[in-house]
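These are the residues of each chain, in order.
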Amino acid sequence: MRRDFMNTLARTNPFATRGENERKVLQRDPNPHIFRPLALRSMTTRNRIVLSPMCQYSAADGVPNDWHFQHLASRAVGGVGIVFTEVTHVEPRGRITPGCLGLWNDEQRDAFARITRFIKAQGALAGIQIGHAGRKASTAVSWDGGKPLTREMGGWEVIAPSAIPFADGHLLPMEMDRKTINDTLALFAANTRRAHQAGFDVVEIHAAHGYLIHQFLSPLSNRRSDRYGGSFENRIRFLLEAVDAVRSEWPERLPLFVRISATDWIEGGWDLRASVQLAQVLKAGGKVDLIDCSSGALSPTQKLTVHPGYQVPFAAEIRSRADIATGAVGLIQSADMAEQIVANGQADLIFLGRAMLGEPYWPLQAARTLRARLPWSRQYERGDIY
Ligand SMILES: Cc1cc2nc3c(=O)[nH]c(=O)nc-3n(C[C@H](O)[C@H](O)[C@H](O)COP(=O)(O)O)c2cc1C
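Residues numbered from 1 in each chain as written. Predicted model: local features only at pLDDT ≥ 70, side-chain atom pairs only at ≥ 80, totals over all residues. Heavy atoms only, no water.

**Details of the side chain of histidine 132**
Stage number 1. Secondary-structure assignment places histidine 132 in the loop between β6 (125-131) and β7 (159-160).
Stage number 2. For histidine 132, a relative accessible area of 2% corresponds to the buried category.
Stage number 3. Polar side-chain contacts of histidine 132 include one of 2.9 Å to the backbone nitrogen of glycine 134.
Stage number 4. Not counting residues within four places of it along the chain, the set of residues in contact with histidine 132 comprises His89, Val90, Glu91, Arg93, Gly94, Ile159, Thr184, Phe188, Tyr211 and Leu212. (Helix = DSSP H or I, 4+ residues; strand = E, 2+ residues; numbered from the N terminus. Buried < 20%, exposed > 50% of the residue type's maximum accessible area, 1.4 Å probe, protein only. Polar contact = N/O pair within 3.5 Å; in protein donor to acceptor, adjacent residues only side chain to side chain. Contact = heavy atoms within 4.5 Å.)

In structure tokens form, the structure reads like this:
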């Protein structure tokens, strides 16, 4: 009888389970991997959490405004290590939508300078993603349906390595001749020069998601017969030249990342093997510091099923086979999962997109979950009471 009573007590007594919880807490690393700094050339990110680039479709003439300020500033206050802008385009016709950002003039540069000053004052690094949408340019913003915009609808002519549209009903791109290729590379350099003047600490070249550079990489979108098409070496040439163009204006002491789609998710397309090979070439070149491993979006014919952490194996494989730092991205939502990825050596940085839209203070919350301490901004310290 008494034993039954004790068993019931053990089952219902909250202190019985607290002991288990305490054991779990004791097993947690007191210095979680995601909160450890990472040295990147002369810069050090205070932790491994990165705001992934996310288009806000809210610019006029490519100029960042108060919306962009709050989007980036609040994540810096939230404890992020590197705050990345959405993709900024190197020329007006390279924009995905009329609401996208650019860095082709000094007005845009000066508006970014206000944002980088604030981000850096919070202790985060200011990162900028630069790119060109190629054949995926000239579309309506997502909340207007995201459909291709013809000239009559306010759209513009689009360019690509080959005259192959993204899909039926999309704009037929103009095939880039040698002059257009060289001019575009010069635009990447000019964009980078302004990024430096605006005070950014990290540049990421957008070579993923079916945009211009990815269009050169994939045999499905690149049918050229010159030195920019055909073999693997030829298809990666435009990216390598973009890396050179960016590095020519980006100080050696500052880190440079490249975001790739590690696979097209299409038979006969760009795949993980090619990505590993590319990462090895970039590593050997010594100009790129980290590969940010995303995937897909070259074509609507892609076939994939997504699940939490579905792109992490790409980051892990590239990291181990090319011996280069990687970023993992894609449906990473919990602090425990992020921690495991870094602790297991699958990636060096965790890029968070949608989770950070819902929770700009994700790092501060993750610290609570992992029972670690992250410094809050002085103005908000009195909120750190739970
Ligand atoms: C609204 C939105 C805009 C995005 N814009 C960009 C972008 O500008 N550049 C980019 O490389 N990826 C972009 N992405 C992809 C994210 O950076 C990220 O890779 C993707 O959302 C998967 O990560 P998540 O599951 O943490 O959101 C965007 C995603 C969203 C949701």
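**Overview of the site of the ligand**
Stage number 1. Around the ligand, a shell composed of 16 residues is seen, among which Ser52, Pro53, Gln129, Leu331 and Arg354 lie nearest.
Stage number 2. Valine 87 places a main-chain nitrogen or oxygen 3.2 Å from an oxygen atom of the ligand.
Stage number 3. Contact between the ligand and glycine 353: an oxygen atom at 2.8 Å from a main-chain N or O atom of the residue.
Stage number 4. In the complex, the protein chains occlude 82% of the 610 Å² of accessible area that the ligand would expose alone.
Stage number 5. Among the residues forming the shell around the ligand, the class breakdown is seven nonpolar, six polar and three charged. (Near = heavy atom within 4 Å. Areas by Shrake-Rupley, 256 points an atom, 1.4 Å probe, with all protein chains shown as cover. Nonpolar A, V, L, I, M, F, W, Y, C, P; charged D, E, K, R; others polar.)

**Digging into the packing of aromatic side chains**
Stage number 1. Tallying each qualifying case throughout the model produces ten aromatic pairs.
Stage number 2. Between phenylalanine 84 and phenylalanine 257 the ring centres are 6.0 Å apart and the planes differ by 50°, which places this aromatic pair in the tilted class. Of the two residues, phenylalanine 84 is situated in strand β4 (residues 82-89) and phenylalanine 257 in strand β10 (residues 256-261); the sequence distance between them amounts to 173 residues. A single burial state applies to phenylalanine 84 and to phenylalanine 257, both of which are buried.
Stage number 3. One aromatic cluster is present, built from ring pairs that chain together Phe84, Phe257 and Phe351.
Stage number 4. Over the face of the ring belonging to tyrosine 211 we find lysine 136, whose NZ or CZ atom lies 4.6 Å from the ring centre.
Stage number 5. The positively charged end of arginine 227 is found above the aromatic ring belonging to tyrosine 228, 5.8 Å away from the centroid. (Phe/Tyr/Trp six-rings, centres within 6.5 Å; stacked < 30°, edge-to-face > 60°. Lys NZ or Arg CZ within 6 Å of the ring centre and 35° of its normal.)

**Overview of the environment of glycine 383**
Stage number 1. With respect to the helices and strands, the residue glycine 383 is situated in the segment after α13 (362-369).
Stage number 2. Assessed through its relative accessible area of 31%, glycine 383 is described here as partly exposed.
Stage number 3. Between the C-alpha atoms of glycine 383 and phenylalanine 112, which are 271 residues apart in sequence, the distance is 30 Å.

**A closer look at the packing of helix α5 (residues 178-197) against helix α8 (residues 237-249)**
Stage number 1. Across the interface, α5 lies against α8 with an axial gap of 8 Å and an inter-helix angle of 35°. The way α5 lies across α8 gives a crossing that is right-handed. Touching Ile181, Thr184, Leu185, Phe188, Ala189, Thr192, Arg193 and His196 of α5 are Phe238, Glu241, Ala242, Ala245, Val246, Ser248 and Glu249, all from α8.
Stage number 2. The residue makeup of the contact of α5 with α8, split by class, is eight nonpolar, four polar and three charged. (Axes fitted to C-alpha atoms, helices over the stretch in contact; angles between N-to-C directions. Left-handed = near helix turned anticlockwise from the far one by under 90°.)

**So, the pairing of β6**
Stage number 1. Of all seven residues in β6, seven are buried; the element is thus mostly enclosed.
Stage number 2. Burial of β6 is two-sided: the residues Leu125, Gly127, Gln129 and Gly131 facing one way and the residues Ala126, Ile128 and Ile130 facing the other way are all buried.
Stage number 3. Where β4 lies against β6, six bridges are found, and the strand directions are parallel. Residue phenylalanine 84 lies in a different strand from β6, and its bridge partner there is glycine 127.
Stage number 4. As judged from the four bridges shared by β6 and strand β9 (residues 202-207), these two strands associate in the parallel manner. Considered in β9, the bridge of isoleucine 130 is made with isoleucine 205. (Pairing = 2+ DSSP bridges.)

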